[in-house]
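Close look at the chain arrangement
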Amino acid sequence: GMIAAIPYNRVAVVALGWSVLTAGVALVGLAVGQPPFAFGLLLAVRFLFGAFQAGLFPALSRVMADWMPMPERGTAQGLVWMCSRAGGALAHPLMLGLVLIAGWQFSFVASAALGIAWCAAFWPWFRNRPEEMRQVNALERERIASGRGAGRPRGHLPWGRLFRSGNVWALC
């Protein structure tokens, strides 16, 4: 039916879910006169928000595996992590400014509206795999696929090798 005709887009689904739930936080303010209900609603909205948010990095990792040539994946993953941290650092003062200017409920609705607008632009354009996009030509698909399968480890990484790695210990 109609739902099957809509192209599934992992990243946009996650962003749309958390955008709608961000607006939902503003709706909790309407239930202020009923504290138990407001608390339960806030708890449910925040739980669902977290569930959608938890899907972002796995979805982005899948996008990189499907879209990035092997030698460029590390740089792309590093940029995603760096930009997400920078966004997290910048979001707080920006949202505080918006709260002080327009109120907390408006700040949640405005943030949700930006996410929904981004989804509206991103959803029709992006597809999960290069083969699903007409704009990706054969040469681009070949470049993206180059190196796949080559140099993949056979089996699992031995635990002993993992525990002897200085780089792994440096992460602690």
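Below: a short report on this structure. The structure displayed is predicted, hence computed values, not measured ones.

Turning to the packing of aromatic side chains, a few remarks are in order. Here the structure, examined in full by the defined rule, presents seven aromatic pairs. Taken together, a centroid distance of 5.0 Å and an interplanar angle of 15° make the contact between F122 and F126 stacked. F126 shares its class with F122; the two are buried. Every member of this aromatic cluster is reached through a ring pair, and the members are W67, W118, F122, W125 and F126.

What follows deals with the layout of surface pockets. Volume-wise, the largest pocket comes out at about 1300 Å³. Lining the largest pocket are 35 residues, and of these A15, W18, Q53, L56 and S84 sit closest to its centre. Among the elements of the structure, α2 (10-28), α3 (35-54), α4 (56-67), α5 (73-102) and α6 (104-125) are those that each provide at least two residues to the lining of the largest pocket. Tallied by class, residues from the lining of the largest pocket come to 25 nonpolar, nine polar and one charged.

Now for the packing of α2 against α4. Close contact between α2 and α4 brings their axes to 9 Å; oriented N to C, the two are set at 160°. For the element pair α2 / α4, the angle class is roughly antiparallel. When the axes of α2 and α4 are compared, the crossing they make is left-handed. Across the interface between the two elements, R10, V11, V14 and W18 from α2 touch L56, A59, L60, R62, V63 and D66 from α4. Taken together, the residues of the contact of α2 with α4 break down into seven nonpolar, no polar and three charged.

Let's shift gears to the nonpolar core. Core analysis: the largest hydrophobic core is formed by 16 residues, its most contacted members being V11, L56, L60, V63, W67, F122 and F126. Listing elements by their share of this core, those giving two or more residues are α2, α4 and α6. No other element matches the six residues that α4 contributes to this core. Not counting residues up to four positions away in its chain, the partners in contact with L56 are V11, V14 and W18.

Here is what the cut-offs are and how they apply
Residues numbered from 1 in each chain as written. Predicted model: local features only at pLDDT ≥ 70, side-chain atom pairs only at ≥ 80, totals over all residues. Heavy atoms only, no water. Phe/Tyr/Trp six-rings, centres within 6.5 Å; stacked < 30°, edge-to-face > 60°. Buried < 20%, exposed > 50% of the residue type's maximum accessible area, 1.4 Å probe, protein only. 1 Å grid on protein atoms, 1.4 Å probe; cavity = no way out; pocket = protein on both sides within 12 Å on 5 of 7 lines; lining within 4 Å. Points joined across faces, edges and corners; volume = space filled by probe spheres on them. Helix = DSSP H or I, 4+ residues; strand = E, 2+ residues; numbered from the N terminus. Nonpolar A, V, L, I, M, F, W, Y, C, P; charged D, E, K, R; others polar. Axes fitted to C-alpha atoms, helices over the stretch in contact; angles between N-to-C directions. Parallel < 35°, antiparallel > 145°, perpendicular 65-115°, else oblique. Left-handed = near helix turned anticlockwise from the far one by under 90°. Contact = heavy atoms within 4.5 Å. Core = buried A, V, L, I, M, F, W, Y, C linked by side-chain atoms within 4.5 Å.

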